[in-house]
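Examining the three-dimensional arrangement
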Amino acid sequence: MTYDDPAPRVAPLDLPWRPANASGLTQLGSTFATPTAPTALPAAHWVARNDRLRAELSLPSEFWTQHDTLQALTGNVVLTGSSPYASVYSGHQFGQWAGQLGDGRALNLGDIDTPFGPQTLQLKGAGPTPYSRRGDGRAVLRSSIREYLASEAMHGLGVATTRALCVTGSPGLVRREEVETAAVVTRMAPSFVRFGHFEHFASNGLIDELQALADWVVAQHMPHLQALQGPARYTGLLQAITHSTAELMAQWQAVGFCHGVMNTDNMSVLGLTLDYGPFQFLDAFDPSHICNHSDHQGRYAYARQPQVAYWNLFCLGQALMPLIDEQAPALAALERYKDAFPAALDARMRAKLGLHNAAEGDRALVETLLKAMHQDRVDYTVFWRRLSHAVGESASVTHAFEPVRDLFLHREVFDAWLSSYQTRMAADCATGDAASSDLSPLSNQARSQAMLQVNPKFILRNHLGELAIRQAKTGDFSMVQDLCDVLHQPFDEHPAFEAWAGLAPEWASSIEISCSS
Ligand code: AMP
Ligand code: MG
């Protein structure tokens, strides 16, 4: 494919591009994607550079200072080897069919070879595309910093997510509720294909294209399905996506992440967290928490996420029906969610409690706890971290749990729960740890250590992101950098950043996260 619109300039940069004809949706033809050059922004500057990801990608340390890196990752030049394109998708938004959407402000630069396989590099906010509709194709500094920090925080937490390599900024202005400055995030994922890509071709009756897309996703990302032919392959595809989505929902619920805009166009077919908008990590535990101020019905409230994902999977299943042919296998593939999600969540919650073996009553133990946390608006992250430390204290068990108990107003409710938890731990030791048959100091320590690896000390609380953004707006990007460093290793102590591990301050509840981005 060639460019109708010539690239502004071509510059060399040492990125291990895969050949354009061997990567990306452009391979499938012009129905899938349109070559689109980025539109330049004035006076680009660095906002954040993810040096850890740079190293993971085995890019040289001079990558950031190489001639034109900054310009290329702002969309001001197009690199030799890169063939930018925007892809088309549709989707259901807030439960309604929204018709055609597409990469309105995302440009795929192409795929690069990395130590963890081919990855698509994508600029978000690099100007209008054929799918921008009435939008300007831009992103503001505020939302770009949030996406950068959140995706790296999720990665640090072990949650499947797209990544972010850097953010660049510009004094160029963007009109939202207020006039703000523009920014561009360089995102990375094995694929940015969404449920909505499939819905697009199904809804337009483009069945050959639907099949080509399904075959392409299988070939690129699900080689284990490659040997299957016909409907079995597409049922397998639906089942694989059902599984990875169930696993993702368990990950979100366990870390207390609320996405906020779970429209089908924001659902990755690889089960990655995708498109960070008005997301929020829970402070106080509240299952009905709504982080998106436009979500008046609470459709995407924290506790509803697993059910919404299931609804979205049905939309995907519906889109795949022309390839699966019969309803029964499609329904059977979707039905897997009903076991896969609870099993994945149970495993995550057991790990948070430091329990090695599954036992009857575990779900009730978790539910009783969450009810008590909700009743007293206990901070979700602080609770688990304090619990992890308390379990490790062996000298005086009752005394050890005081800092956890202090989080509750209804102390008697916590005490009752603690007592059942201790009974449960004792049983877990007896069956799960051959070295001891009771709560020996050693097993307390081991349990505590395991818990400290799954219960983070640091999450991207709204107020931390907000402080980093306020500083960034004055040209000081140091907090963005420090936060990113801490959030990459959220299970470490980072004593210099103790304040970021504390409860959210009073003013945090008044932060209004704008849905505009
Ligand atoms: P989102 O709510 O961010 O997932 O976006 C929904 C749809 O609107 C997607 O097709 C986006 O590409 C598009 N979109 C959002 N913001 C803009 C913008 N500023 N310019 C063009 N398209 C946009
Ligand atoms: Mg989106």
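Residues numbered from 1 in each chain as written. Chains lettered and ligands numbered in written order. Predicted model: local features only at pLDDT ≥ 70, side-chain atom pairs only at ≥ 80, totals over all residues. Heavy atoms only, no water.

On to the coordination of the magnesium ion (ligand 2). The protein atoms donating to the magnesium ion (ligand 2) are Asn266 (OD1) and Asp275 (OD), with metal-donor distances spanning 2.0 to 2.1 Å. By relative accessible area, which is 14% here, Asp275 ends up buried. (Donors = N, O, S within 2.8 Å, 3.2 Å for Na, K, Ca; no water. Buried < 20%, exposed > 50% of the residue type's maximum accessible area, 1.4 Å probe, protein only.)

Here the focus is unusual backbone geometry. The phi angle at Asp325 is positive, at roughly 75°, despite the residue not being glycine. In this fold, Asp325 is placed in the loop between helix 7 (305-324) and helix 8 (327-335). Assessed through its relative accessible area of 55%, Asp325 is described here as exposed. Positive phi, close to 45°, is recorded for Arg377, a residue that is not glycine. Among the secondary structure elements, Arg377 is positioned in the loop between helix 10 (362-375) and helix 11 (380-392). (Helix = DSSP H or I, 4+ residues; strand = E, 2+ residues; numbered from the N terminus.)

Taken N-terminus to C-terminus, the directions of helix 4 (residues 195-203) and helix 5 (residues 207-221) make an angle of 155°; their axes are 8 Å apart at the nearest point. As far as their axial angle goes, helix 5 and helix 4 are roughly antiparallel. From helix 4, His197, Phe198, Phe201 and Ala202 reach across to helix 5, where they touch Glu209, Leu210, Leu213, Ala214 and Val217. Grouping the amino acids of the contact of helix 4 with helix 5 by side-chain chemistry returns 7 nonpolar, 1 polar and 1 charged. (Axes fitted to C-alpha atoms, helices over the stretch in contact; angles between N-to-C directions. Parallel < 35°, antiparallel > 145°, perpendicular 65-115°, else oblique. Contact = heavy atoms within 4.5 Å. Nonpolar A, V, L, I, M, F, W, Y, C, P; charged D, E, K, R; others polar.)

Now for the site of ligand 1. Around ligand 1 sit 17 residues in total, of which Gly102, Gly104, Arg133, Asp136 and Gly137 are the nearest. Here an oxygen atom of ligand 1 sits 2.8 Å away from a polar atom, N or O, in the side chain of Arg133. In this structure, an oxygen atom belonging to ligand 1 sits 3.0 Å away from a side-chain N or O atom of Asn266. Protein contact buries 77% of the 480 Å² of open area that ligand 1 shows by itself. According to the grid-proximity analysis, the pocket containing ligand 1 is the largest pocket. Split into classes, the residues belonging to the shell around ligand 1 amount to 2 nonpolar, 7 polar and 8 charged. (Near = heavy atom within 4 Å. Polar contact = N/O pair within 3.5 Å; in protein donor to acceptor, adjacent residues only side chain to side chain. Areas by Shrake-Rupley, 256 points an atom, 1.4 Å probe, with all protein chains shown as cover. 1 Å grid on protein atoms, 1.4 Å probe; cavity = no way out; pocket = protein on both sides within 12 Å on 5 of 7 lines; lining within 4 Å. Sits in = over half its atoms within 2 Å of the grid points.)

Here we come to the nonpolar core. Phe198 and Leu237 are the most contacted members of the largest nonpolar core, which has 120 residues in total. With near-sequence residues (within four places) excluded, Phe198 lies in contact with Val193, Leu210, Leu213, Ala214, Val217, Leu237, Val269, Leu316, Ala319 and Leu320. (Core = buried A, V, L, I, M, F, W, Y, C linked by side-chain atoms within 4.5 Å.)

This paragraph deals with the layout of surface pockets. Where empty space is left in the structure can be found by rolling a water-sized probe over the atoms. In this model, the largest pocket occupies a volume close to 890 Å³. A breakdown of the residues in the lining of the largest pocket according to their chemical character gives 8 nonpolar, 14 polar and 12 charged. (Points joined across faces, edges and corners; volume = space filled by probe spheres on them.)

Our focus in this paragraph is the environment of Ala359. Considering the arrangement of structural elements, one finds Ala359 in the loop between helix 9 (337-352) and helix 10. Counting along the chain gives 69 residues from Ala359 to Asp428, while the straight-line C-alpha distance between them is 8.4 Å.

Let's shift gears to helix 5. With 15 residues, helix 5 should cover 21 Å at 1.5 Å per step; its first-to-last C-alpha distance of 21 Å lies within 8% of that length. Within helix 5 the residues assigned to the buried category are Leu210, Leu213, Ala214, Trp216, Val217 and Val218. Residues of helix 5 that are buried make contact with helix 4, helix 6 (231-255) and helix 7. (Expected span 1.5 Å × (residues − 1).)

All right, on to the pairing of strand 9 (residues 119-124) then. Within a regular beta strand, the side chains point alternately toward one face of the sheet and then the other, so they alternate between its two faces. Along strand 9, 6 of the 6 residues are buried, which leaves the element largely enclosed by surrounding structure. Neither face of strand 9 is open: one carries Gln119, Leu121 and Leu123, the other Thr120, Gln122 and Lys124, and all of them are buried. The pairing of strand 8 (residues 106-112) with strand 9 spans 6 bridges and is classified as antiparallel. By the bridge assignment for strand 9, Asp111 is matched with Thr120. The pairing of strand 9 with strand 12 (residues 179-189) spans 5 bridges and is antiparallel. Note on strand 12: the bridge partner recorded for Thr120 is Ala189. (Pairing = 2+ DSSP bridges.)

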